[in-house]
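Secondary and tertiary structure notes
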Amino acid sequence: MIGRLFRFHGGIKPDAHKNESAGPAIQRAPLPRRLVVPLRQSPRATASCLVEVGQEVLKGERIGEPEGFLGTAVHAPTSGTVVDIARHPMAHPSGLDTECVVIEPDGEERWIEHAPFDYHTASREQALAWLRDCGIVGLGGATFPSHVKLGKGAGIETLILNGAECEPWITCDDRLMRERAADILAGATILRELIGARELVVGIEDNKPEAIAAMKEAAAASPHGVKVVAVPALYPAGGEKQLIRVLTGIEIPYGKLGGDYGVQCFNVGTAHAVYRAIAHGEPLISRIVTLTGNVDNAGNWEVLIGTPVQDLLPLARPRPDTDRTLLGGPMMGFALPRLDVPIVKGSNCLISASPRLFPPAPPEQPCIRCTECAKACPAELQPFELYWFGRSRNFGKAQEYHLFDCIECGCCSYVCPAHIPLVDYFRFAKSEIWAREREKAAADQARDRFEFRNFRQEREKAEKAAKLAAKAAETRAKLAEGVAEAPAAEAAAAEDPKKALIAAALARAKAQKAEVRPQNTDNLSPETQAEIAGIEARRKALEAAAPPAATATTPNADAPAAASDTAATAPGAEPRS
Amino acid sequence: MIHSPYVRKAVSVQRTMGLVLIALLPGIAAYVWQAGPAILVNLALATVAAVLAEALVMSLRKRPIGLAVADLSAVLTAWLVALSLPAIAPWWLTTCAVLVAILAVKHLYGGLGQNPFNPAMVAYCTMIVAFPALMSQWPALDGLGFADQLALILGGTRELDAITAATALDSLRTGLRAAGATVEAVSQGPAFGMLGSRGWEWVAAGYALGGLFLLARGIITWHMPVAFIAALGGLAGVFWLIDPAHYGSPLFHLASGGAMLAAFFIVTDPVSGATTPRGKLLFAAGVGLIVWLIRNFGAYPDGIAFGVLLMNICVPLLDMKTQPRVFGHREAAGGDK
Ligand code: SF4
Ligand code: SF4
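This structure is a prediction, so every number in the text was calculated from the model and none was measured. (Residues numbered from 1 in each chain as written. Chains lettered and ligands numbered in written order. Predicted model: local features only at pLDDT ≥ 70, side-chain atom pairs only at ≥ 80, totals over all residues. Heavy atoms only, no water.)

Quick look at the sheet that holds strand 8 (residues 97-105) of chain A now. Residues and elements named next belong to chain A. Taking strand neighbours across the sheet as the criterion, the 4 strands line up as 2-8-7-4 in an open arrangement whose pairing is antiparallel. Each having just a single partner strand, strand 2 (35-38) and strand 4 (56-57) make up the two edges of the open sheet. Across 4 bridges, strand 2 lies against strand 8 in antiparallel orientation. Bridge assignment links Val37 to a residue of strand 8, and that residue is Val101. (Pairing = 2+ DSSP bridges. Helix = DSSP H or I, 4+ residues; strand = E, 2+ residues; numbered from the N terminus.)

Counting residues at the interface gives 41 residues for chain B, matched by 56 residues for chain A. Each partner contributes to the roughly 3,900 Å² buried at the junction of chain B and chain A, and carbon and sulfur atoms together form 56% of this total. For the chain B face of the interface with chain A, the top three residues by lost area are Tyr6, Arg8 and Phe327 of chain B, together amounting to 22%. Counting across the interface, chain B meets chain A through 3 salt bridges. When the shortest N-O distance is used, the salt bridge between Glu380 of chain A and Arg325 of chain B registers 3.1 Å. Taken together, the links from chain B to chain A amount to 19 residue pairs in polar contact (both at pLDDT 80 or more). Of all the secondary structure elements, the ones that give two or more residues to the side of chain B that touches chain A are helix 1 (13-35) and helix 17 (304-321) of chain B. Classifying every residue of the side of chain B that touches chain A gives 18 nonpolar, 16 polar and 7 charged. (Contact = heavy atoms within 4.5 Å. Buried area = accessible area lost by both parts, 1.4 Å probe. Salt bridge = Lys/Arg side-chain N within 4 Å of Asp/Glu carboxyl O. Polar contact = N/O pair within 3.5 Å; in protein donor to acceptor, adjacent residues only side chain to side chain. Nonpolar A, V, L, I, M, F, W, Y, C, P; charged D, E, K, R; others polar.)

Here the focus is the packing of helix 11 (residues 383-391) of chain A against helix 14 (residues 422-481) of chain A. Residue and element names in this part refer to chain A. Remark: helix 11 packs on helix 14, axes separated minimally by 9 Å, with the N-to-C direction vectors making an angle of 50 degrees. It follows from the interaxial angle that helix 11 and helix 14 lie oblique. Like other packed secondary-structure pairs, helix 11 and helix 14 cross with a definite hand, here left-handed. Contacts between helix 11 and helix 14 involve Pro383, Leu386, Tyr387 and Arg391 from the former and Leu422, Tyr425 and Phe426 from the latter. (Axes fitted to C-alpha atoms, helices over the stretch in contact; angles between N-to-C directions. Parallel < 35°, antiparallel > 145°, perpendicular 65-115°, else oblique. Left-handed = near helix turned anticlockwise from the far one by under 90°.)

A few words on the site of ligand 1. Taken together, 13 residues lie near ligand 1, and Cys367, Cys370, Thr371, Cys373 and Cys416 of chain A sit nearest. Across the shell around ligand 1, the residue classes tally to 10 nonpolar, 1 polar and 2 charged. (Near = heavy atom within 4 Å.)

Residue and element names in this part refer to chain A. With 4 bridges connecting them, strand 3 (residues 46-49) and strand 5 (residues 62-67) associate as antiparallel partners. Among the inter-strand pairings, Thr46 is bridged to a residue of strand 5, identified as Glu67. Note: strand 5 against strand 6 (residues 74-75), 2 bridges, orientation antiparallel. In the sheet register, Gly64 faces strand 6, and the bridge partner there is Val74. What sits between strand 5 and strand 6 in their antiparallel hairpin is a turn of 6 residues, with Gly68 showing a positive phi close to 75 degrees.

The full set close to ligand 2 counts 13 residues, and Cys377, Cys406, Cys409, Gly410 and Cys412 of chain A are the nearest of them. Tallied by class, residues from the shell around ligand 2 come to 11 nonpolar, 1 polar and 1 charged.

Attention shifts here to the sheet that holds strand 9 (residues 158-163) of chain A. All names here are of chain A. Taking strand neighbours across the sheet as the criterion, the 4 strands line up as 11-10-9-12 in an open arrangement whose pairing is parallel. Each edge of the sheet is formed by a strand with only one pairing partner; in this case those strands are strand 11 (226-231) and strand 12 (263-267). Here the strands of the sheet are splayed against their neighbours by 25 degrees on average, with no regard to which way each runs. Pairing between strand 9 and strand 12: 5 bridges, direction parallel. Considered in strand 12, the bridge of Asn162 is made with Asn267. Contacting strand 9, strand 10 (199-205), strand 11 and strand 12, helix 5 (residues 181-195) crosses the sheet at an angle of about 150 degrees to strand 9.

A cluster of nonpolar side chains, contributed by Leu289, Leu293 and Phe297 of chain B, occupies part of the molecular surface with about 280 Å² of accessible area. Tracing the backbone shows Phe297 of chain B in helix 16 (residues 277-297). (Patch = residues over 30% accessible without salt bridge, like charges linked within 9 Å, V, L, I, M, F, W, Y side chains within 5 Å. Areas by Shrake-Rupley, 256 points an atom, 1.4 Å probe, with all protein chains shown as cover.)

This model, assessed by the stated rule, comprises 18 aromatic pairs over all chains. On the basis of an interplanar angle of 85 degrees and a centroid distance of 4.9 Å, the ring pair of Tyr387 of chain A and Tyr425 of chain A is categorised as edge-to-face. Remark: Tyr425 of chain A occurs in helix 14 and Tyr387 of chain A occurs in helix 11; sequence separation between them is 38 residues. Overall, Tyr387 of chain A belongs to the buried group, its relative accessible area being 3%. Three or more aromatic residues link up through ring pairs in this structure, and these residues are Phe239, Tyr247, Trp292 and Phe297 of chain B. Its guanidinium or amino end placed over the ring of Phe266 of chain A, Lys149 of chain A lies 5.1 Å from that ring's centre, counting from NZ or CZ. (Phe/Tyr/Trp six-rings, centres within 6.5 Å; stacked < 30°, edge-to-face > 60°. Buried < 20%, exposed > 50% of the residue type's maximum accessible area, 1.4 Å probe, protein only. Lys NZ or Arg CZ within 6 Å of the ring centre and 35° of its normal.)

The next thing to look at is the pattern of salt bridges. Pairing between side chains of opposite charge can happen when their charged atoms approach one another. All names here are of chain A. All chains considered together, the criterion is met by 36 salt bridges over all chains. Where Lys59 meets Glu109, a salt bridge forms, and the shortest distance between an N and an O atom there is 2.5 Å. Of this pair, Lys59 sits in the loop between strand 4 and strand 5 while Glu109 is found in the loop between strand 8 and helix 2 (124-133), placing the two residues 50 residues apart along the sequence. Given the relative accessible area of 4%, Lys59 is considered buried. Since its relative accessible area comes to 26%, Glu109 is described here as partly exposed. Note that Arg319 and Asp296 form a salt bridge whose closest N and O atoms lie 2.9 Å from each other. With Arg319 in the loop between helix 9 (309-312) and strand 15 (324-327) and Asp296 in the loop between strand 13 (286-293) and strand 14 (299-304), the pair connects residues that are 23 residues apart, well separated along the chain. Through salt bridges with shared partners, a single network forms among Arg62, Glu65, Arg132 and Asp133.

As structure tokens, this is what we get:
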């Protein structure tokens, strides 16, 4: 049981700015003129298209079939006509594009037939497949497929529901918890059963008293024993590993998952989507999005997946001096390079930015090694050291100092008095390292290919030589049975032109060898020359006395002998493998 | 800001340096109260020299002058130099010291943030090696008016012996060399006050007050002051308990010379000091140890500058060997192999 709270190192307290958008209840965003539904909702979850241009689709109809282990299904967010299937830019810092189904809504919102899924009578696998086919992914931002995260169904002690929402400005989870607490807990209960966890804990930052109250009330009404815990508002308390640390004391290192340590963490929005999928059979076709920042009408809207950002923004009435739109929070989000990109399952917040709200950073100054960044880093890194290594392009050292443990939370940049954009340096260093690894992998591949080709060629030669030898042996054996020896040898040579070639090569090589003279014999004294002549004479005598080759009498020894004698010039017959 | 985070804490190097300057004010006030306003003249001189030197280097390096001067780091260095030198050091001595600190130590190594050695302490060492006599003349508290002090600073009278006095640290060290002398006997001398040098206890208290302010504002962490005070006070305490006749008390050591200035303002210099929590403890403790050794057995009156510089040399090693454990990892971070 969770008794006390733990601390994670560092963390910061930026202005929360939650009041701007937390007040009004969630509204439904109007249907846009067009919905652009990506078939790929995250770097991992992919789907293959099931519809054609011109096809009529119903709300909730499956338009993308899950592909691969991490794939999840994609659905039509409303009824209408598929007008296009094409690549379209995504909400990504680089404006990458991906295959999308463009749907023109008919405005009737005609649903597919959908019915609750009785997960009590179904097997676990069936339940997970149901979630996958309902397109359930994590709504906290990473959009990891939930059915994968539910894992083996054993070994998890604690299920944590993440309602921390620690980024400034964002209030979508806050509103969801205030308004739909019972549904969230119902979803969480399903998750808990599917994951086989004993304990269910909801962590909410203590700057959301209404959400805490609503969730506590729902927890009291729930028969399953849920703990709602207020955690200190300290960014990044909502980071999965930080929240797990605060609630359980367990530290999950880089590269490891909560599941490895008996805890698993789901966002409250995900739990809500799971509830809709199981209790109503509804696929995930909408999410809550916070619209806030430099606007007159901040709030939260329930938005269909695929709604273009530019259709959504006017709902909040951005002020004229808005100069950018941020997707996500100001700590880890990014400025959208364009506004015709669709809302996807991981898009939680749009912030209209103005120079007044988000002033440009003051000029960068030299690092004074004040260690403020290290004090703030929740990963307990020494960011100024990483910065130093990154700057001097000493990436190996940066990796040694655990660059990849950096969660890019931005705490270090936030506190740096020298206004050094530390996170940018780390992102750059990471991408450089990745690029190098890729290059290296490519080089390795090329080398492997080359080596394999060499190996194959040599193997083929060896096989040929072996065949040749076998054949020669066969022929000789045949001939030895009847015919006289001399013509037989001739016949064998005639029969086997390759053998003749080898013999010729062998002869050439021998000739070459004979021609080769020691290199350092040019300017020798007469005595030395005489000495050498003596040695040569002795060797000649010896060579003449010995038989040319001891093995020459055995019929099938020709090829190997040629190989070992003249590996350089004869078509190599030596299998190197 | 093209990339996140799009928000930043309202902090800057200028603000950090400014807070340190503010934290020095109580100590300076006590200084003026005890020793007269002459120190203000030297502080002003040092400031002007530092700012001019900084601006000169920046213009030579074709960098924005305003930004570098405005970060106040040069001013802070100047103040620390001036406060380390005797209050009646002649103007050229102060100026030379500041120029050494800014030109050689700071900028020859690449400017702010790059210097492996504490600029003020290098300046102090250079001066005490070059001008040992001038550097050990501190104003006697009585009988030397502001006009006299000013005259000394501006290079007038040179009859130093009549108007200056050795500090308590000095008198104790030299006094104890006489056969049969004890701490008790020596400290009857005019240089001694309640704890350390007469009057200087107040200055030390002023520095300590400023240091607490820095701690409260999070500009410095507790590690360095605590480790320094613990090492110097602890060592002094052990020997004082063993042989109180020949070793000064811990309080005497902490209240004398530059101990408090060092504890809160000098060993805590972030640029040239250790950066990890354990590294900071070792660094400051090392300085404390060296200070005590030099004060008791060395040839110089106060060992702070040498202690700091010696430990500066160890910083890369200290940092490397004391990397803290990273979140979720059992063992410490890289380098420690
Ligand atoms: S916070 Fe900035 S100035 Fe301070 S050590 Fe870190 S990088 Fe350097
Ligand atoms: S961005 Fe990385 S280095 Fe900076 S505070 Fe966060 S985890 Fe630490």
